[in-house]
Amino acid sequence: MKLFDALHPRLTVEPVARQHAPAIQRLAADARVAATTRLPHPYPEDGAVTFVAEATEAWAAGTDFAFAITVDDVCVGTCTLKQVRDGQAELGYWIGVPHWGQGYASWAARLVVTYGFEQLGLARVEAHVLEGNPASGRVLEKLGFAEFRRDAAPCGCGDEGDQASFYALSADAWSAVL
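Let me sum up the structure you'll find in this document.

Criteria and cut-off values
- Residues numbered from 1 in each chain as written.
- Predicted model: local features only at pLDDT ≥ 70, side-chain atom pairs only at ≥ 80, totals over all residues.
- Heavy atoms only, no water.
- Helix = DSSP H or I, 4+ residues; strand = E, 2+ residues; numbered from the N terminus.
- Buried < 20%, exposed > 50% of the residue type's maximum accessible area, 1.4 Å probe, protein only.
- Phe/Tyr/Trp six-rings, centres within 6.5 Å; stacked < 30°, edge-to-face > 60°.
- Pairing = 2+ DSSP bridges.
- Right-handed = clockwise from strand over helix to strand, strands pointing away.
- Polar contact = N/O pair within 3.5 Å; in protein donor to acceptor, adjacent residues only side chain to side chain.
- Contact = heavy atoms within 4.5 Å.
- Salt bridge = Lys/Arg side-chain N within 4 Å of Asp/Glu carboxyl O.

1. Here's the deal with the environment of H128
And then number 1: On the secondary structure map, H128 appears in strand β6 (residues 124-130).
And then number 2: The exposure class of H128 is buried, given its relative accessible area of 16%.
And then number 3: Sequence-wise, H128 and A176 are 48 residues apart; in three dimensions their C-alpha atoms are separated by 22 Å.

2. Thoughts on the packing of aromatic side chains
And then number 1: The final tally for this structure, using the stated rule, is seven aromatic pairs.
And then number 2: Their ring planes at 70° and their centres at 4.8 Å tell us that W59 and F65 sit as a pair that is edge-to-face.
And then number 3: Judged by relative accessible area, which is 22%, W59 ranks as partly exposed.
And then number 4: Here F117 and W174 contribute two aromatic rings whose centre-to-centre distance is 6.1 Å and whose plane-to-plane angle is 35°, an arrangement assigned as tilted.

3. Points about unusual backbone geometry
And then number 1: Here the residue pair H41 and P42 is connected by a cis peptide bond, since its omega of 5° sits within 30 degrees of zero.
And then number 2: With respect to the helices and strands, the residue P42 is situated in the loop between α2 (31-34) and α3 (47-61).
And then number 3: For D72, which is not a glycine, the phi torsion comes out positive at approximately 50°.
And then number 4: For D72, the location among the structural elements is in the loop between β3 (65-71) and β4 (74-85).
And then number 5: Not every positive phi belongs to a glycine, and Q83 is a case in point at roughly 50°.

4. Observations regarding the pairing of strand β5 (residues 88-95)
And then number 1: By the criterion of burial, β5 is predominantly enclosed, with seven of the eight residues buried.
And then number 2: Direction of pairing for β4 relative to β5: antiparallel, over a ladder of seven bridges. Within β5, the position partnered with T78 by the bridge is W94.
And then number 3: Where β4 folds back onto β5 in an antiparallel hairpin, the turn is made up of two residues, including D86, whose phi is positive at roughly 50°.
And then number 4: Considered for its hand, the β-α-β crossover made up of β5, helix α4 (residues 104-118) and β6 is right-handed.

5. Observations concerning the side chain of T78
And then number 1: Within the secondary structure, T78 sits in strand β4.
And then number 2: According to the relative accessible area criterion, T78 is buried, its value standing at 3%.
And then number 3: Polar side-chain contacts of T78 include one of 2.9 Å to the side chain of W94.
And then number 4: When residues no more than four places from it in sequence are discounted, the contact partners of T78 are V16, I24, F51, F67, I69, G92, Y93 and W94.

6. Describing the pattern of salt bridges
And then number 1: Following the criterion strictly, the structure yields nine salt bridges and no others.
And then number 2: Notably, a salt bridge pairs K2 with E14, separated by 3.4 Å at the nearest N-O pair. Remark: E14 occurs in strand β2 (residues 8-15) and K2 occurs in the segment before β1 (3-5); sequence separation between them is 12 residues.
And then number 3: Residue classification places E14 among the buried residues on the basis of a relative accessible area of 10%.
And then number 4: Residue D73 is joined to K2 by a salt bridge in which the shortest nitrogen-to-oxygen separation is 3.2 Å.

As structure tokens, then:
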């Protein structure tokens, strides 16, 4: 299954699979990616292989839906609906540093959020952004997410004491954005 937008046919999102692991490993190992995500640094040598295996199991269980973001069939990052339950999920995404600033996160998040509302029947999607990552906040705001609180960053995200902005988008607000 590949999700794509007719306006950007070179760009797709598809369930993460073994063939994405080498690119995920290389891109996730960059400290600049870890600084804005829950990815550990240093990234473990088998981190991508483990991530793909766990993501495949979670997809089958219906709890997490991890997508590889690809451009011309080359993985440039990931976008995931996590902790799917009771009609809600958390959106998370990251893009490898060589691909920053090209709009890939906005485009991929739009496709994955659409999948969540239309295919999974979600009523609400939440996300959080570290204070030092305003570009990620702009991605969410472009999609219609609204900030609903500022608080300590969730465990495993950023450095101890970092602050985060928490955002949410309802299915009703999403259909108004489209």
